[in-house]
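Given next are the chains, with one letter for each unit.
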Amino acid sequence: QVQLVESGGGLVQAGDSLRLSCAASGRTFSSYAMGWFRQAPGKEREFVAAISWSGGNTYYADSVKGRFTISRDNAKSTVYLQMNSLKPEDTANYICALRPTPQATGVYSGEYEYDYWGQGTQVTVSS
């Protein structure tokens, strides 16, 4: 089984920055894509960002493009989400997901495309 543990969330003011981390452990795969999703109270879970195994391909939701940056360190089995210029509407539980894939360059934005999920880390942005 795979365990994904997110960290780095917190309470910040609008305009501040946060860096989230997601560490993978347990069963290992030769390659896997990673993604970040978020879910606000009363709303459906939505895609935020994704990164390929190689790290060379990334994809972002329009709502975070230019403000958020996804990256990864495969040696540490960890993916990061740097969030700048945070807005109150970014308030949500941020969840990372993992998709085993032999394709080093693939990025995936659909929830159904991921096999493993973390519990999330809460980000609250005050105005």
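Whatever comes next refers back to the structure up there.
The model shown is predicted, which means the values in this text are computed figures rather than measured ones.

Participant: Got a sec to walk through the overall build of the protein chain? Specific residues and values, please.
Facilitator: Within the protein chain, the secondary structure is distributed over zero helices and eleven strands. Counted from the first residue to the last, the protein chain has its helices and strands arranged as β-β-β-β-β-β-β-β-β-β-β. The globule rule puts the C-alpha radius of gyration for 127 residues at 14 Å, and the 14 Å found for the protein chain is close to it. The principal-axis extent of the C-alpha atoms belonging to the protein chain is close to 45 × 25 × 25 Å. A total of 127 residues make up the protein chain; the buried ones form 45% of that total. Of the contacts made within the protein chain by residues no fewer than 6 positions apart, 61% connect residues no fewer than 24 positions apart.

Participant: Describe in detail the pairing of strand β9 (residues 92–100), supporting the description with residues and values.
Facilitator: Of all nine residues in β9, seven are buried; the element is thus mostly enclosed. Bridge analysis of strand β4 (residues 32–39) against β9 gives eight bridges, and the strand direction is antiparallel. Following the sheet pairing, Gly35 is matched in β9 by Ala97. Of the pairings in the sheet, the one linking β9 to strand β11 (residues 121–126) comprises three bridges and is antiparallel in character. The residue of β11 that forms the bridge with Tyr94 is Thr121. In terms of strand pairing, β9 meets strand β10 (residues 116–117) through two bridges, oriented antiparallel. Counted as the bridge partner of Ala97 is Trp117 from β10.

Participant: Give me the lowdown on the sheet that holds strand β7 (residues 68–73), citing residues and values where you can.
Facilitator: In a beta sheet, neighbouring strands are held together by backbone hydrogen bonds and run either parallel or antiparallel to one another. What the four strands build is an open sheet, ordered β1-β3-β8-β7; its pairing is antiparallel. Either end of the sheet is taken by a strand with one partner, and the two such strands are β1 (2–7) and β7. Strand-to-strand twist of the sheet, defined as the mean angle between neighbouring strand axes without regard to direction, takes the value 15°. Relative to strand β3 (residues 18–26), β1 is paired through six bridges, and the arrangement is antiparallel. Residue pairing across strands places Ser7 opposite Ser21, the latter belonging to β3.

Participant: Give a detailed account of the state of the cysteines, specifying residues and quantitative values.
Facilitator: For the coordinates displayed, the defined rule picks out one disulfide. Disulfide partner of Cys22: Cys96, at an S-S distance of 1.9 Å. In this structure, the disulfide formed by Cys22 and Cys96 twists by about 50° around the S-S bond and is classed as right-handed. Of this pair, Cys22 sits in strand β3 while Cys96 sits in strand β9, and the two are 74 residues apart along the sequence. With relative accessibility at 0%, the residue Cys96 sits in the buried group.

Basis of the calculations
Residues numbered from 1 in each chain as written. Predicted model: local features only at pLDDT ≥ 70, side-chain atom pairs only at ≥ 80, totals over all residues. Heavy atoms only, no water. Helix = DSSP H or I, 4+ residues; strand = E, 2+ residues; numbered from the N terminus. Rg over C-alpha atoms; globule rule 2.2 N^0.38 Å. Buried < 20%, exposed > 50% of the residue type's maximum accessible area, 1.4 Å probe, protein only. Contact = heavy atoms within 4.5 Å. Pairing = 2+ DSSP bridges. Axes fitted to C-alpha atoms, helices over the stretch in contact; angles between N-to-C directions. Disulfide = S-S within 2.5 Å.

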